Amino acid sequence: MTRQIVGIATLVAGALAAASATFAVGDSDLYWHLATARETLANGLVRADVFSWTARGAQVATDQWLGQLVLYAGYSAGSWLGVLGVRTVAVALLVGCIAAAALVRRPSSPVAALAIAVPSILLSRFLWTERPELLGTVFFAALVLLLQLPGRMPLSAAAVLLVVWANVHGSFALGAGLVLLVAVHGLATDRPGRRAYVVAATAALLSFVLTPAGIGTLTAPGLHLFDPPRQIQEWALPDPTTPAGALWAALLGLVIATASLSGPARARDVIVIVPVALLSLLAIRHTPLFAIVATPYLAEHLPIAARAFGARLGLVGTGASPARRRAPAWIDTAIAIAGVVVVFASIAVAPREPEESGFPVAALEALPPGPGLFAQYDWGGWLIWRAPGTPVFVDGRLVPYRGAVLSDYRTVLEARPGWRDVVTRRGITRILVRPGDPVAVRAQQLGWRTRVGSSFVLIEVPNP
């Protein structure tokens, strides 16, 4: 990449990362990730559940252990501000990779390239949370950037990236699959570069086993792919009537329209875009990934398609844009330094405490130790961190609860027929939910003792 691309991408990344730093940490899953990392450092890798009373001892996924340790390193270094710092740097890297990938494909028109990258950056905003998932998305955007660069070195870098990524987040499986497809195509069409493709393919295959769980690291990604938990918002099908869904649908339509107007695409573009486009049809969570892979292609081909469309209507010519003068090298370097300074300056003045207004803080003192608490799914991870003596019924880890536990959870929460039988059978003694949840309404109708807070109802289950 040229110094100009690095400078512009860094400045854009710094500005948006600084904006993200104004929001305090507080993602519901952050807390169980931190608790898992703390347990890993104290007693070794967590392979079985130690935080719940409904699935205790059940096998849990280990595909995010390194990402969890990165977040915990931030917490150990600077408490919640340290976690926010990790998130802010990750956002900067993510936005920088997206912007750089667009600029690489259209270096002569940086404004146009960045404008085309805006929808992708907006969609990625939904992943700007303090989870290993954000770190995994950074690796994905870095891989997409590497696949835009010429030569064999980017493929070697992609090989290293995959092996590390496999220990950060389960999304590596998508990256490994894309690299394998690119390598197979390269081996068939690029004889001089065969060694680089062999290295990339080997690394992609090794990434499936060079983790603490070995090939078992695909368990969680596989379950989410083939049996997504639709009751969780991020795993619902994309909805074009929502702002995020409309943006995704517009990008998908734009890619199709551009392909029909701008002529043949590079084989590598097709290999990378088509599988991710199909994947994005399956869940909201995957739509930002499609935007990321589509951005470099659109940066190069959308202006061509626009000119072709305009020419058909007789509105514009088809000539190339005039060349622009390059800025001096020192300006590019100064811009990059400014971007880095903005990132770290924003961390220095960012919120130092987590945002807990959405959690039942006032209920903590009334939670008894030991099993028996039934609480909102969204609060489970937070309770693992804030009430370690009170095991949870369910939380955001999902995998150990699939089946009977999740079924019983929904039966009780929604006060479905037989919910009181589940309460008795499970030995539930306290129910901590939102005021509007059906079980809260039903328990109050039954006259059960309750403690009502601004955002919660704590229900005491009467002895049978």
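Relevant structure appears above.
Here goes a summary of the coordinates provided.

Parameters and conventions
Residues numbered from 1 in each chain as written. Predicted model: local features only at pLDDT ≥ 70, side-chain atom pairs only at ≥ 80, totals over all residues. Heavy atoms only, no water. Helix = DSSP H or I, 4+ residues; strand = E, 2+ residues; numbered from the N terminus. Rg over C-alpha atoms; globule rule 2.2 N^0.38 Å. Buried < 20%, exposed > 50% of the residue type's maximum accessible area, 1.4 Å probe, protein only. Contact = heavy atoms within 4.5 Å. Areas by Shrake-Rupley, 256 points an atom, 1.4 Å probe, with all protein chains shown as cover. Lys, Arg positive; Asp, Glu negative; His and termini not counted. Charge placed at Lys NZ, Arg CZ, Asp CG, Glu CD. Pairing = 2+ DSSP bridges. Axes fitted to C-alpha atoms, helices over the stretch in contact; angles between N-to-C directions. Salt bridge = Lys/Arg side-chain N within 4 Å of Asp/Glu carboxyl O. Left-handed = near helix turned anticlockwise from the far one by under 90°. Nonpolar A, V, L, I, M, F, W, Y, C, P; charged D, E, K, R; others polar. Expected span 1.5 Å × (residues − 1). Bend = angle between axes of the 7 residues up to and from the residue. Phe/Tyr/Trp six-rings, centres within 6.5 Å; stacked < 30°, edge-to-face > 60°. Arc of directions from axis to C-beta.

1. A word on the overall build of the chain
Looking only at helices and strands, the chain has 17 helices and four strands in total. Taking 464 residues into account, the globule formula puts the C-alpha radius of gyration at 23 Å, and the chain, at 25 Å, falls close to it. Expressed as lengths along the three principal axes of its C-alpha atoms, the size of the chain is roughly 80 × 45 × 40 Å. Looking at the chain as a whole, 51% of its 464 residues are labelled buried. Across the chain, every contact between residues at least 6 apart in sequence was considered, and the portion connecting residues at least 24 apart equals 70%. Summed over all atoms, the accessible surface of the chain reaches about 20300 Å², with 64% contributed by carbon and sulfur. Measuring between centres, the 36 positive side-chain charges of the chain sit 9 Å from its 25 negative side-chain charges.

2. Digging into the sheet that holds strand β2 (residues 430–433)
Read from one edge to the other, the open sheet built from four strands follows the order β1-β2-β4-β3, with strand pairing classed as mixed. Pairing within the sheet leaves two strands with one partner each, and these edge strands are β1 (373–375) and β3 (450–452). On average, each strand axis in the sheet is inclined to that of its neighbour by 15°, with strand direction left out of account. When β1 meets β2, the two strands line up parallel, connected through three bridges. Residue L373 lies in a different strand from β2, and its bridge partner there is R430.

3. Quick notes on the pattern of salt bridges
Applying the stated criterion across every chain, the model contains 20 salt bridges. Taking the shortest distance from any N to any O, the salt bridge between R434 and D378 comes out at 3.5 Å. In this pair, R434 sits in the loop between β2 and α17 (438–445) while D378 sits in the loop between β1 and α14 (380–386), placing the two residues 56 residues apart along the sequence. A single salt-bridge network, built from bridges that share partners, covers D27, D29, R131, E133, E234 and R285.

4. Here we look at the side chain of S120
If you trace the backbone, S120 turns up in helix α4 (residues 110–124). You can call S120 buried: its relative accessible area is 1%. Setting aside chain neighbours within four positions, we find S120 in contact with I98, A291, I292 and T295.

5. Some thoughts on the packing of helix α11 (residues 267–280) against helix α12 (residues 287–312)
At a minimum axis distance of 8 Å, the contact between α11 and α12 shows a crossing angle of 145°. The hand of the α11/α12 crossing is left-handed. On α12, the residues that touch D269, V272, I273, V276, A277 and S280 of α11 are T287, L289, F290, V293, A294, Y297 and H301. Split by residue class, the contact of α11 with α12 holds nine nonpolar, three polar and one charged.

6. A look at helix α3 (residues 65–105)
Over its 41 residues, α3 runs only 35 Å from end to end, short of the ideal 60 Å by more than 12%, given 1.5 Å per residue. If you look at α3, its biggest bend is around 140°, right at G78. When you tally the buried positions in α3, you get 29 out of 41 residues, the bulk of the element.

7. Quick look at the packing of aromatic side chains
On inspection of all chains with the given rule, the structure shows 15 aromatic pairs. Ring centres of W53 and F393 lie 5.5 Å apart, and the angle between their planes is 75°; this geometry places the pair in the edge-to-face category. Residue W53 is located in the loop between α2 (30–43) and α3, and its partner F393 is located in the loop between α14 and α15 (404–413); the two are separated by 340 residues in the primary sequence. The class for F393 is buried, based on a relative accessible area of 1%.

8. A look at the pairing of strand β4 (residues 457–460)
Relative to β4, β2 runs antiparallel, the two sharing four bridges. Paired with V433 across the bridge in β4 is V457. Two strands pair when backbone bridges link them, and β3 and β4 are joined in this way by three bridges, in the antiparallel orientation. Residue pairing across strands places T450 opposite I459, the latter belonging to β4. Hairpin connection from β3 to β4: four residues lie between these consecutive antiparallel strands.

9. Remarks on the environment of A42
One can find A42 in helix α2. You can call A42 exposed: its relative accessible area is 57%.

10. Side note on unusual backbone geometry
Phi at S79 takes a positive value of approximately 55°, unusual for a residue other than glycine. Under the relative-accessibility criterion, S79 is labelled partly exposed at 33%. The phi dihedral of A415 falls on the positive side, at around 50°, and the residue is not glycine. Structurally, A415 can be placed in the loop between α15 and α16 (419–426). Look at A415 and you get partly exposed, because its relative accessible area is 22%.

11. Focus on helix α8 (residues 194–206)
In a regular helix each residue adds 1.5 Å, so 13 residues correspond to 18 Å; α8 covers 18 Å between its end C-alpha atoms and thus fits that length. A196, Y197, A200, A201, A203 and A204 are the residues of α8 that are buried. An end-on view of α8 places all buried positions within 160° of arc, on one side of the element. If you follow the buried residues of α8, they end up packed against α6 (153–165), α7 (172–189) and α11.

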